[in-house]
Amino acid sequence: MRTIRMKTLTSAGLLCCLIVAALASCESSTTVEDYYGVQTSDPYDPSKPVTITSFTPTKGSVGQQVVILGQNFGNDSSIVNVNIGGKEAVLVSVKNNAIYCYLPGAAYDQIEGNRLYASVQVTVDKQTGKAANRFEYERKMVVGKLCGKSYDREADAVWIDGSFDDCSGFKNDGVMQFSPYNHDQLFVVYDQEPHFGTVAHGIQLIDLKERTVQTILPLSKFSNQRLRTIDFAVDPFMYNEDGSFDYIVDEETGQKSGYAPEGWDQTATADQKKWREHLIISADNDDSNYRANSVYIVDRDPEGNFSSGSTVRQLANYRQCNGASLHPNGELYFTSFAQGEVLRLDMSKYWETQLPDTLGGSGTSWSPYANQNLYDLNTGSSTGTGAFEKLFTVQDVSWEFQIDIHPSGKYAYIVVINRNYILRTDYNEQTHRFSAPYRIAGDMSREGFTDGVGLSALLRRPYQGTFVKNDQYEAEGRDDIYDFYFCDSRNDAIRLLTPEGIVKTYAGGGFATHADGNTYGNENGELRDFARFHRPTGLVNDVHRDAITGENTLIFYILDTSNFAIRTITMEENLEANEN
């Protein structure tokens, strides 16, 4: 059998499957031997032309198996080159009248509207034959790398800020979040995992416009504590461009108010709006008296940035917080590992202490101690400010869990990290509170890697998730138009959970399609058969401008912890394509 020339695919098992798939699209009388070259084949004759009569299929995307039919290809693959759309195809086998190959990525050289086409040609020695027809290239979502460097040993993966070409690190578990008003700014907070007992790295800013990575807040600002999640709170105030409070005056009473009227942010400048943003950082610290620093709030510094010059305040003190998330209406929900509790914070109580009393504030200072400022929904009684409330407990205590709130605010998923399942909690529009949760995916008693419906699906250390609008759901008029994508870190995969509770593997985790039999790896490319991750933990999504169509298209950013990189998933692009 001939040596198979392949660049990405290495599994012999997958190769056989792909060959069968290719043959299925050809004439029923075609045999494996016809294309795979087991039978004898005439050699290349330099006195005769190289011709292409047809190819099948006539359209496809990266990784597509393509059969090219013609004459005088010979039988020596070392002198044969297949070029599709200006890109070299991955050659598998050559017979004198047939070539079997794989389509490379971005294999197109002509654009007509939103459709992409590729010329097809075969060069044998010094002769080239060109097909009369064009191949239609269909783009697909692929995995790539934004920044970071590969290392053989984790100890060598040093933390270096700088340009995307030069930076490195990214080796701790962590989560990410966009600035609400500026999606060119992506913030990352790191846990001590996998280095228990050591201080993790500081909070970083990934500037997608400037293409730089910068450590903006040292952990010393948080007493070198174990940080778990990052989110943003947007305050209800008006600002001048220098960060000072702006205000309106009531014409009847003459009273001033710093609270912004509805629609203020629609006309405010970017420099005015940025002052409304505050980082929300959860911290995993224990105190049996429930006074541990659990949630911090961080203001911008006098220059309008988040930096070592920022004011860091204690927003909530309780114990062992694993996560804090903001509801669309501004309520804060945070967790307590020790007793499996979920607590609610009425952020309006905090904001009124931050505005001067001359502009409508309370004129009082903030007390972050939850147990001393509790509201009881059942009795209507409260202690202190009554800003906090204990809502419910999850099934398992002393297990890590985070909260991901649906964009509509109608429900949230509670991801129980080291018990390998996901809960759902529904939001009561009348009481403005989440209700007791119920399990929607995963098995509480075992881990695994199985797609399926609800409780039959198996997970292995799920981590950060993100809600993604599904255009098909929207076209069908469904009530819930979002899927939930999440890092399944120990399965080295990105998976998704549909509104109906179906778990599917979206990208990575392809142990069956790689020769080493592992789920982990660092390959880029097609989502399931080629691309692999290694312990991904952070995941967010956004839209960016498609380089080909000019339209907005989906993009994911992934903190790929054990590959020491920020990875991406988006539609493959080729900026060098020529438009006709």
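The structure we're discussing is the one just above.
To keep things clear, this report deals only with the structure shown in the data block. (Residues numbered from 1 in each chain as written. Predicted model: local features only at pLDDT ≥ 70, side-chain atom pairs only at ≥ 80, totals over all residues. Heavy atoms only, no water.)

1. Remarks on the pattern of salt bridges
Okay, so step 1: What the rule picks out here adds up to 33 salt bridges.
Okay, so step 2: Glu 523 serves as the salt-bridge partner of Arg 532, at 2.8 Å between the closest nitrogen and oxygen.
Okay, so step 3: For Arg 532, a relative accessible area of 3% gives the class buried.
Okay, so step 4: Counted as one network, the salt bridges with shared partners bring together Asp 191, Arg 226, Arg 228, Asp 284 and Glu 400. (Salt bridge = Lys/Arg side-chain N within 4 Å of Asp/Glu carboxyl O. Buried < 20%, exposed > 50% of the residue type's maximum accessible area, 1.4 Å probe, protein only.)

2. A look at the packing of aromatic side chains
Okay, so step 1: Within the structure shown, the criterion is met by 30 aromatic pairs.
Okay, so step 2: Taken together, a centroid distance of 5.9 Å and an interplanar angle of 50 degrees make the contact between Tyr 100 and Tyr 102 tilted. Here Tyr 100 and Tyr 102 have matching classes, each one buried.
Okay, so step 3: Relative to Phe 556, the ring of Tyr 485 has its centre 5.0 Å away and its plane inclined at 50 degrees; by these criteria the two rings are tilted. Within this pair, whereas Tyr 485 is found in strand β36 (residues 482–488), its partner Phe 556 is found in strand β41 (residues 552–560), the two being separated by 71 residues in sequence. Comparing Tyr 485 with Phe 556, the two get one shared label, buried.
Okay, so step 4: One aromatic cluster is present, built from ring pairs that chain together Phe 237, Tyr 239, Phe 245, Tyr 259, Phe 334, Tyr 350, Trp 351, Trp 366 and Phe 388. (Phe/Tyr/Trp six-rings, centres within 6.5 Å; stacked < 30°, edge-to-face > 60°. Helix = DSSP H or I, 4+ residues; strand = E, 2+ residues; numbered from the N terminus.)

3. Overview of the pairing of strand β19 (residues 227–234)
Moving residue by residue along a regular strand, the side chains alternate between the two faces of the sheet.
Okay, so step 1: Most of β19 sits inside the fold, with seven of its eight residues counted as buried.
Okay, so step 2: Across seven bridges, the pairing between β19 and strand β22 (residues 277–283) is antiparallel. Residue pairing across strands places Asp 231 opposite Ile 280, the latter belonging to β22. (Pairing = 2+ DSSP bridges.)

4. A look at unusual backbone geometry
Okay, so step 1: Pro 57 follows Thr 56 through a cis peptide bond whose omega is -5 degrees.
Okay, so step 2: With respect to the secondary-structure elements, Pro 57 resides in the loop between β1 (51–56) and β2 (59–60).
Okay, so step 3: Here the bond from Glu 193 into Pro 194 is cis, since omega is -5 degrees, no more than 30 degrees from zero.
Okay, so step 4: One non-glycine residue, Asp 125, adopts positive backbone phi at about 60 degrees.
Okay, so step 5: With respect to the secondary-structure elements, Asp 125 resides in the loop between β10 (120–124) and β11 (127–130).
Okay, so step 6: Even without being glycine, Asp 492 reaches a positive phi, approximately 55 degrees.
Okay, so step 7: If you trace the backbone, Asp 492 turns up in the loop between β36 and β37 (493–497).
Okay, so step 8: The exposure class assigned to Asp 492 is buried, which follows from its relative accessible area of 5%.

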